[in-house]
Structure formats: C-alpha cells, structure tokens
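Remarks on the overall topology
The chain contents come next:
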Amino acid sequence: GQVTVGELAKLMHKQASEIIKFLFLLGNMATINTVLDDENIELVGMEFGIEVHKENIVEEFNFEEMEEDEDPSKLESRPPVVTIMGHVDHGKTTLLDTIRKTKVTEGEFGGITQHIGAYQVEVNGRKVTFLDTPGHEAFTAMRARGAKVTDVTIIVVAADDGVMPQTKEAVDHAKAAGVPIIVAVNKMDKEGANPERVMSEMSELGCMPEEWGGDTIFVPVSAKTGEGVEDLLENVLVVAEVADLRANPHKNAVGTVIEAKLDKGRGSVATLLIEAGTLHASDAIVVGTAFGRVRKMTDDMGKEIKVAGPSTPVEIIGLNSVPIAGDVFKAFDSEKKARQIAEARLNVRVEEERNASSAMSLEDLARQIEEGDIQSINTIVKADVQGSAEAVKASLEKIEVKGVRVNVIRSTAGAITESDVMLASASHALIIGFNVRPNAAVRKKAEDEGVDIRLHNIIYKAIEEMESAMKGMLAPVY
Ligand code: GDP
C-alpha cells in the first residue's frame, strides 16, 4: 500500500499545499501525486501533531492492497470457493442448480432458497462454497478488480458437443488466475456422449487427464439426472485438500463483494464473501467509498445469522451506497473509523475526477459545442439495476454530435446520492437517473452545487434528450 501527498492531506484534513510546503522546507520536492515513504509520512504526522503510523494510514486507507503477515498458528482450514465456467448451453446453470438441490436440506425455511450470488453445501461433512453466477464474465470482472476469490474452477464440457470457443476461454482464464481446474464432462446421459473426445480436446488445451499421465481430474456427470455429481464434489474436496486452504478467522473480516443492488425497501443490499476473519452482525465495514454498520446479515438460505467466518457468503444491508462486485470490503472496530476512511476515499476520488475533467449543464451544451469549448460531456448514470446503468451508459457513449462525445464517469446501480452530486460538481458532469430519483436532501445539494439531474424511465428518452441538447434543440423547461 502507498499513500500520496494528496491522499495523506485528505486523511489528515489538511491542505496538500501545507504538506508540500513542509516537505519543501525539509529539502524534499513533492507534488500532490508524490508517493511518500514511511519516514516522510511520520515526519508529516509529527509536524501536524497527528500520530500517523504507517499502519494507521496506509493499511486503512488502501486496505485492499495490504498483504498481512499472518501468524501461522492462527490459520485454520477454510472451505474452498468454486466457480463453474464453460461454453454456453453446456450445462453450467443446471449443474449449479443440481448441486444446490441435492445438497441443501430444504424445508427448514419453507424450502425457499435465496439467490444471493453464492451458496454453500456440505459434502461428507465438509463445506464447499459455490459462486452461482456461471460463466467467465463474472469471474473476469472480479479479477479485473483484483479480486482473487476462486480456489477451484469446474469447467463444464458437454460430452455431445466437445470443446467449444468459450471452453477455451474458460481454460485461459483459469490458467491466467492460477486456479486449479476440474473438468466436468457433462450430459453423459445423452446419446452421442463422447467423453474420450472431450479428454483429447482438453489435452490439446493443456489439461491432460490423470488417466493419460496428466494432472487434470475429469469427472463424467449428468447435471440433469444428478449422476456423477457426488463424485465431482468429492473431487473438489480432493483438490482443495491439496491446496491446503487456510485463513485466520480471529480478526476483523475482509472479503469481496459478490453482488450488490439497490432494493426499494431495504436500500443497499450486498452479498459478501468473507475471505478471512469473522464478520459480526453490527460490524462497521468499508467497501470502496461505501461504509456502514451491518444492520442485518443473512445466509444463502435467507436465515438471519450473527457471525460468519472465512469462505462464507452472506447478504448484508446497512451500507450507505451500493458497492461494485469485485470490490474488497473490510470490517473496522468502530463506525467512526469506517466513516473516516470512506470519506477520505470519497474526497480523494472527487479530487482525482476533478483533475481529469472538463465539461457543464444540459441547457448550454449546444452553445459550448458550437464554440468548440468542449470535447466531451461528463455524465454520471445512476439506475435501479446495474444492467440498466450499463445499457444507458453504452447508448450514451454511442452519441456523437460534431465530434463531441459523452463520457460516462460513473455508472452504477443505486439511488442518486450526495456523493454523486459532489462528483458531478467536481467534474462538471450532469447526472442521469434511470428509474431512481433523488431525495429532498440530494435535490437541495444539487441545486446548491448547480448540478443538473435528469430523470428518466425509458432509455431512448434519456438518449434522445441528450442528443437534442447537444444539437441545440432542447425544449425549454419552465
Ligand atoms: P449453461 O448455458 O451452460 O448454463 O447451460 P444450461 O444449464 O442452461 O443447459 C443448457 C441445456 O442443456 C438445458 O436445456 C439443460 O436442460 C440441458 N442440460 C444441461 N445438463 C444436461 C445433462 O446433463 N443432460 C441433458 N440431457 N441435458 C442437459
């Protein structure tokens, strides 16, 4: 973890210029982006009468990047986390459903299983966690954010179809991530199932079966009938055992966001996968720039729980905004500390975006375009679900009027918040709300900051309005 002058200034509630001046007097030339070493961090802390240990600042501000030295005696065995990948229609979803159905004792809660993005089953008295968003898109998206959540990958190959393009991609992704592969040779119940062909085609991709002298386990299964699924799960345990997966459960929880959404009644709802430590209902956590106290924690069966240890997926409510899948969360000893860290991060982000921005209000767009004042229109998209946010973003970014384009600087699921308004104000951006609306406080803030908020519930209307504005044909609003 590293801290720049700008970040340190925010953390200490000081002006960056004060720190730069102090460093200058010590003979060090620094800018807002200069990364400080531990000694300088301490010197700055002493100067301003704030005790800033390297641990305090760096670890807490950039906790995602911390590799903690764990005392080996505190490490305990933890369940493996498994992802299922493979070509479309080869049976990923069916396999995930079958595993869950055969392994979860329903009834206790009326047989209602919750889809929270991950679930846990028991195999021979040992737990296994499955991420239930199949396909490598989710896997890749998480990896792109630096999350390493998967311990074992099951690659599903339909025995009647063989290796296909997405099978190859799945193998590439698993290998790039260094995650061990188990091949589920699926649809064995079908006529024309040819497991030998799957084995030879997978060998060409570098997955040589054990039977042929390689080190990849192949398990014939039928996701449809359940045949072979138990065997597959036992092999997952074998691979997990070799990997000797351990974590320290005796500390504040850290982990990854698996899914997150805005729920009309409950607010920000997030599925967290705990990687290490133990999460307690009522813990204060930080994720990205979101923070809050866990108000309610439930497991994948919808049952309320009070504590959750490593490799457990839980759904929580209580965050003040909707985090992004793949983001790392961490629990802190106090809500105050969590709030400080989240606020410092928000400040730094606003500062960064401010430096990288150039743009306006929808009404005088056309004039600015005409005068050649702008090259891009910064926009923040907020929608009720991530899918809509992405769709609006994609459509907006396709618009081009006289060489001017729309630049979406944030597109997330969730209500329009003060943080959005702050970011918009700093980056001269406008906000487009899709199926969401700001509350009174946020509206007031937007007015104060001169931020334009446009609300829509039909995508093409949002696009049309933007296009009209850019062409100078916006109907005046009275
Ligand atoms: P995904 O796209 O990889 O998630 O594939 P699905 O799980 O949606 O399965 C695609 C189709 O294959 C569906 O019609 C399933 O019912 C069918 N299917 C999946 N597994 C099996 C199997 O083991 N045997 C047979 N006969 N059909 C299967």
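Residues numbered from 1 in each chain as written. Predicted model: local features only at pLDDT ≥ 70, side-chain atom pairs only at ≥ 80, totals over all residues. Heavy atoms only, no water.

As a reminder of what qualifies: UniProt positions are given in the numbering used here, feature names are shortened, and annotations may be inferred rather than shown by experiment.
In the nomenclature of an unreviewed UniProt entry, the chain is known as Translation initiation factor IF-2 of Breznakia pachnodae. The UniProt entry for the chain carries this comment under Sequence similarities (unreviewed entry): "Belongs to the TRAFAC class translation factor GTPase superfamily. Classic translation factor GTPase family. IF-2 subfamily."

1. A few points about the pairing of strand S8 (residues 181-186)
Quick reminder of the rule: Note on exposure labels: buried denotes an accessible area under 20% of the residue type's maximum, exposed denotes more than 50%, and partly exposed covers the range between, all computed with a 1.4 Å probe on protein chains only. The way it works is that DSSP assigns letters per residue, a run of H or I at least four long becomes a helix, a run of E at least two long becomes a strand, and they are numbered from the N terminus. Strands pair, by our definition, only if DSSP identifies at least two bridges between them. For crossovers, right-handed means that the path from the first strand over the helix to the second runs clockwise, given strands pointing away from the viewer.
Counting buried positions along S8 yields 6 of 6 residues, so the element is predominantly enclosed. Both faces of S8 are covered, namely the face carrying Ile 181, Val 183 and Val 185 and the face carrying Ile 182, Ala 184 and Asn 186. Direction of pairing for strand S7 (residues 152-158) relative to S8: parallel, over a ladder of 6 bridges. Paired with Ile 154 across the strands is Ile 182, a residue of S8. With helix H7 (residues 165-177) bridging S7 and the parallel S8, this β-α-β connection has right-handed handedness. Pairing analysis gives 4 bridges linking S8 to strand S9 (residues 217-220), with the strands arranged parallel. Bridge pairing in S9 links Ile 182 to Ile 217.

2. Quick look at the nonpolar core
Generally speaking, a soluble globular protein has its nonpolar side chains buried in company with each other. Condition: The definition of a nonpolar core used throughout is a set of buried Ala, Val, Leu, Ile, Met, Phe, Trp, Tyr and Cys residues joined through side-chain atoms within 4.5 Å.
One finds Leu 95, Ile 99, Phe 130 and Ile 154 to be the most contacted residues of the largest nonpolar core, which totals 25 residues. Of all the elements, helix H9 (residues 229-243) adds the most residues to this core, at 6 residues.

3. Considering the pattern of salt bridges
Filter applied, for reference: Basic side-chain nitrogens of Lys or Arg form a salt bridge, by our definition, when they fall within 4 Å of a carboxyl oxygen of Asp or Glu.
Inspection of every chain in the model, using the stated rule, returns 16 salt bridges. Arg 126 is the partner of Glu 241 in a salt bridge, and the nearest nitrogen-oxygen pair spans 2.9 Å. On the criterion of sequence distance, the pair formed by Glu 241 in helix H9 and Arg 126 in strand S6 (residues 126-131) is long-range, its members being 115 residues apart. Overall, Arg 126 belongs to the partly exposed group, its relative accessible area being 39%. Between Asp 420 and Lys 382 there is a salt bridge, and its shortest N-O distance comes to 2.6 Å. Remark: Lys 382 occurs in strand S20 (residues 376-383) and Asp 420 occurs in helix H13 (residues 418-426); sequence separation between them is 38 residues. Residue classification places Asp 420 among the buried residues on the basis of a relative accessible area of 1%. Salt bridges linked by common partners bring Asp 263, Arg 266 and Glu 315 together as one network.

4. Points about the site of the ligand
Which entries qualify depends on this criterion: Working definition: residue near molecule or strand if any one of its non-hydrogen atoms lies within 4 Å of it. What qualifies as a polar contact is a pair of N or O atoms within 3.5 Å, subject to a donor-acceptor requirement within protein and to the restriction that residues adjacent in sequence count only when both atoms come from side chains. To be clear on the numbers: accessible area is Shrake-Rupley with a 1.4 Å probe, and residue cover counts the displayed protein chains and nothing else.
Lining the immediate surroundings of the ligand are 15 residues, of which Asp 89, Lys 92, Thr 93, Thr 94 and Asp 189 lie closest. A distance of 2.7 Å is found between a nitrogen atom of the ligand and a side-chain nitrogen or oxygen belonging to Asp 189. Ser 222 places a polar side-chain atom, nitrogen or oxygen, 3.2 Å from an oxygen atom of the ligand. For the ligand, the accessible surface in isolation is 580 Å², of which the surrounding protein chains cover 75%. For the shell around the ligand, the element with the highest residue contribution is helix H5 (residues 92-103), accounting for 3 residues.

5. So, the sheet that holds strand S19 (residues 328-332)
To keep things clear, this is the line we draw: The convention used is that axes are lines fitted to C-alpha atoms, helices contributing only their stretch in contact, and that angles between N-to-C directions extend from 0 to 180 degrees.
With antiparallel pairing, the 7 strands of this open sheet are ordered in space as S15-S14-S19-S11-S12-S18-S16. In this open sheet, the two edge strands, each paired with only one partner strand, are strand S15 (290-293) and strand S16 (296-298). The sheet shows a mean angle of 30° between the axes of neighbouring strands, direction not considered.

6. Notes on the side chain of Thr 153
Where we set the bar: Only heavy atoms matter for contacts: two residues are in contact if any of them lie within 4.5 Å across the pair.
Relative to the assigned elements, Thr 153 resides in strand S7. In this view, Thr 153 contacts Thr 83, Met 85, Ala 174, Val 179, Pro 180, Ile 181 and Ile 182; residues no more than four positions away in its chain are not counted.

7. Some remarks on the confidence of the model for the chain
Condition: Summary of the metric used: pLDDT quantifies the predictor's per-residue confidence within the range 0 to 100.
For the chain, mean pLDDT is 85; residues scoring 70 or higher make up 86% of the total. Taken together, the chains of this predicted complex give a pTM of 0.67 and an interface ipTM of 0.99.

8. Considerations on the sheet that holds strand S24 (residues 453-456)
Spatially, S21-S22-S20-S23-S24 is the arrangement adopted by the 5 strands of the open sheet, whose pairing is mixed. The open sheet terminates on both sides in strands that have one partner only, identified here as strand S21 (400-401) and S24. Relative to strand S22 (residues 404-413), S21 runs antiparallel, the two sharing 2 bridges. Residue Glu 400 lies in a different strand from S22, and its bridge partner there is Arg 405. This element, helix H12 (residues 386-398), spans S20, S21, S22 and strand S23 (430-434) of the sheet and lies at about 175° to S22.

9. Brief notes about a negative patch on the surface
Applied cut-off: For patch detection, residues must exceed 30% relative accessible area and be free of salt bridges, and they are connected within 9 Å for like charges or within 5 Å for nonpolar side chains (Val, Leu, Ile, Met, Phe, Trp, Tyr). When charges are counted, neither His nor the chain ends are considered; positive counts come from Lys and Arg and negative counts from Asp and Glu. The atom standing in for a charge is NZ when the residue is Lys, CZ when it is Arg, CG when it is Asp and CD when it is Glu.
Residues Asp 37, Asp 38, Glu 39 and Glu 42 make up a contiguous surface patch of negative charge. Within the secondary structure, Asp 38 sits in helix H3 (residues 38-47).

10. What about H7?
For an α-helix the count is 3.6 residues per turn, leaving residues at separations of three or four pointing the same way. This is how the line gets drawn: To estimate the expected span of a helix, count its residues, drop one, and scale the result by 1.5 Å. Working note: the arc is built from the helix axis to C-beta atom directions.
Taking 1.5 Å per residue as the helical rise, H7 with its 13 residues ought to reach 18 Å, and the 19 Å between its terminal C-alpha atoms agrees with that figure. Considered for burial, the residues of H7 that qualify are Thr 167, Ala 170, Val 171, His 173 and Ala 174. Take H7 and look down its axis: the buried residues cluster within an arc of 165°, on one side only. Opposite its buried face, H7 presents the exposed residues Asp 172 and Ala 176, each directed more than 90 degrees away. Two residues or fewer after H7 comes Gly 178, characterised by a positive phi angle close to 70°.

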